[in-house]
Structures are given as structure tokens and as C-alpha cells.
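Each chain, letter by letter, is given below.
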Amino acid sequence: MDAHLTNQTGPAVADIAGLAALVLARAGSAPRFMIGMAGPPAAGKSTAAEALAAAIRDAGQTATVIPMDGFHYDDAVLDTLGLRSRKGSSPTFDAAGFRVLLERLKAREENIAIPHFDRSLELSRAAAELVSADTRFLVIEGNYLLLDEAPWTSLHPLFDLTIYLQVPLVELDRRLVARWDHFGRDRQAARNWIDTNDLPNIRHVLERSAAADVVYTSA
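As the structure is a computational prediction, the values presented were derived from the model and not from experiment.

(A) Representation of the overall build of the protein chain in the model. Regarding its fold elements, the protein chain presents six helices and eight strands. If you line up the protein chain on its principal axes, its C-alpha atoms span 50 × 35 × 30 Å. Within the protein chain, the proportion of its 219 residues that are buried is 49%. Residue pairs in contact within the protein chain that sit at least 24 positions apart in sequence constitute 74% of those at least 6 positions apart. In the structure as shown, the protein chain presents an accessible area of about 9800 Å², 51% of it carried by carbon and sulfur atoms. Once the 22 positive and 28 negative side-chain charges of the protein chain are each reduced to a mean point, those two points are 1 Å apart.

What follows is the structure, given as C-alpha cells:
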């Protein structure tokens, strides 16, 4: 397996504390600051986003995580679209619906309901969390937030700061094997799924993501 890397050129940060300090400095006095955190599947976006939000809260600010995965099409829809075998690829998300959510968050509407993807059930739970108007920092995480192609480019102006998680390809593969093992998928079936679906999704992110403001390099 090659060690394919992106062409990300933003300044590199290797720890959450440093990342939180940078975010707080960039935010200034903005009443709402929207952070787009992108990276390939298995890069650790959910973990990093939660850690960043916790660090911001430790600094006395309000923060929450907004996951893109809540806008994944249901399996029944994927079957209709003929995309079940490419679940997790960029066309299997409601990017337009996600943009509407981000626009509402940007406008600081009160008590906005957001969905969450339940991996144990392999489906999204609607209105799983409410985001209040006084939540200052929103860490928005998802694989395709920085894709330099429609419809994802329409999201870019909504972010006040973008972060890209950079992880070696061999480590992404190792994490995917561990992920599917954790969820009880047969080893051979998991290997086939990784090779035919997960790795193409990873390469899409690696090759087509626009440069971020900051590169987070901690593995």
C-alpha cells in the first residue's frame, strides 16, 4: 500500500490544546464561530472534534459538535439510487440538506435540531440533539466538507476556519480493519468492503480536498 498524502499546505498543529488555542485566537469576539473539520474515513474526525469541543469548553466557552454523518441517506434510499455498494461515498449524503442546516446554524436560529448517525443501527436518528443560539463554537466534522467539487463547495463559505486531519494511508487501513472487526463483520467481507468502498472514498478525499486553514497531524 502506498503512503499517498494530500497536498494540504496549511500550518500544522499536532495536539488538541494547540488546536483549541488557535481556534480561540482566530474567533476573536465573534458570537458564533463555525469550524469545518474534514479528513478521510477513519482519520479520527469524531474523536478529534469531540476533544476540540471539550478543550474549548475547558477554556470557559460553549461548544458542540455537528456531525455530517447524520445526513447519510437511508439504506432504502441507497437501494433506490443503486448506491448501496458505495455507502459512505460523497453521493450518498444529502449535501443540500446539510447546507441548509449549516445556514440556519450560521444565522444562530434558536434550538436547531440536528440528526446523528447511529453506526450500531446503520441509520440516522432525526432530531437527536438541539443546538441553542448561544452556543458559540460549532465543530462541524465530515469526510467531504473540503471537497473541491459541487455540491460541497457551497459549504466552504459557511466555515470560519477549516481543519484537515492528515493520517498516513496505511494507518487508515489499519483502523478500518479494526472498525469492522469491532462491529462483527466477517474478515474477508470486511477486506472486500474496504478495498472496493472505503479505500476509494479515502482516495477521493485525499485527491480532491481543497487546502485547509490548519492541518492537524496527530495520529
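(B) Summary view of the pattern of salt bridges. Within the structure shown, the criterion is met by 13 salt bridges. Arg-174 is the salt-bridge partner of Glu-171, the closest N and O atoms lying 2.7 Å from each other. Separated by three residues within a single helix, Glu-171 and Arg-174 lie in helix H5 (residues 169–182), roughly one turn from each other. You can call Arg-174 partly exposed: its relative accessible area is 48%. Taken together, the shared-partner salt bridges in this structure form one network comprising Asp-75, Asp-79, Arg-84 and Lys-87.

(C) Here's a closer look at the pairing of strand E7 (residues 161–165). The element E7 is largely enclosed, with a buried count of five among its five residues. The side-chain alternation of E7 yields two buried faces, one formed by Leu-161, Ile-163 and Leu-165 and the other by Thr-162 and Tyr-164. Relative to strand E8 (residues 214–216), E7 runs parallel, the two sharing three bridges. Within E8, the position partnered with Ile-163 by the bridge is Val-214.

(D) Up close: the packing of aromatic side chains. Counted by the stated rule, this structure contains four aromatic pairs. An aromatic cluster is present here, built from Phe-93, Tyr-144 and Trp-152 joined pairwise through their rings. The lysine or arginine in question, Arg-185, covers the ring of Trp-180, its NZ or CZ lying 4.2 Å from the ring centre. Geometry around Trp-193 places Arg-185 over its ring, the cationic atom sitting 5.2 Å from the centre.

(E) Molecular detail of H5. Relative to the 20 Å expected for 14 residues at 1.5 Å per residue, H5 spans 20 Å between its end C-alpha atoms, a close match to the ideal helical length. Listed in full, the buried residues belonging to H5 are Leu-169, Glu-171, Leu-172, Asp-173, Arg-175, Leu-176 and Trp-180. Where H5 is buried, its residues contact helix H6 (187–208). In the segment just after H5, Gly-184 is the residue with positive phi, at about 80 degrees.

(F) Representation of the packing of helix H1 (residues 16–27) against helix H2 (residues 45–58). Following both chains from N to C, one finds H1 and H2 inclined at 60 degrees, their axes separated by 9 Å at the closest point. With respect to H2, the axis of H1 lies oblique. Pair H1 / H2 crosses with right-handed handedness. Contact with H1, carried on its side by Ile-16, Leu-19, Ala-20, Val-23 and Leu-24, involves Ala-48, Ala-51, Leu-52, Ala-55 and Ile-56 of H2 and no other residues of that element. Residues that form the contact of H1 with H2 fall into these classes: 10 nonpolar, no polar and no charged.

(G) Expanded view of the sheet that holds strand E3 (residues 63–67). Strand order in the open sheet formed by six strands is E1-E8-E7-E2-E6-E3, with parallel pairing between adjacent strands. At either margin of the open sheet sits one strand with a lone partner, and together these are strand E1 (12–13) and E3. Relative to strand E6 (residues 137–142), strand E2 (residues 33–38) is paired through six bridges, and the arrangement is parallel. Pairing of Gly-36 across the sheet is with Ile-140, part of E6. Packed on one face of the sheet, H1 meets E1, E2, E6, E7 and E8 and runs near 140 degrees to E2.

What counts as what
Residues numbered from 1 in each chain as written. Predicted model: local features only at pLDDT ≥ 70, side-chain atom pairs only at ≥ 80, totals over all residues. Heavy atoms only, no water. Helix = DSSP H or I, 4+ residues; strand = E, 2+ residues; numbered from the N terminus. Buried < 20%, exposed > 50% of the residue type's maximum accessible area, 1.4 Å probe, protein only. Contact = heavy atoms within 4.5 Å. Areas by Shrake-Rupley, 256 points an atom, 1.4 Å probe, with all protein chains shown as cover. Lys, Arg positive; Asp, Glu negative; His and termini not counted. Charge placed at Lys NZ, Arg CZ, Asp CG, Glu CD. Salt bridge = Lys/Arg side-chain N within 4 Å of Asp/Glu carboxyl O. Pairing = 2+ DSSP bridges. Phe/Tyr/Trp six-rings, centres within 6.5 Å; stacked < 30°, edge-to-face > 60°. Lys NZ or Arg CZ within 6 Å of the ring centre and 35° of its normal. Expected span 1.5 Å × (residues − 1). Axes fitted to C-alpha atoms, helices over the stretch in contact; angles between N-to-C directions. Parallel < 35°, antiparallel > 145°, perpendicular 65-115°, else oblique. Left-handed = near helix turned anticlockwise from the far one by under 90°. Nonpolar A, V, L, I, M, F, W, Y, C, P; charged D, E, K, R; others polar.

Without other data, these values stay purely geometric and don't point to any function.
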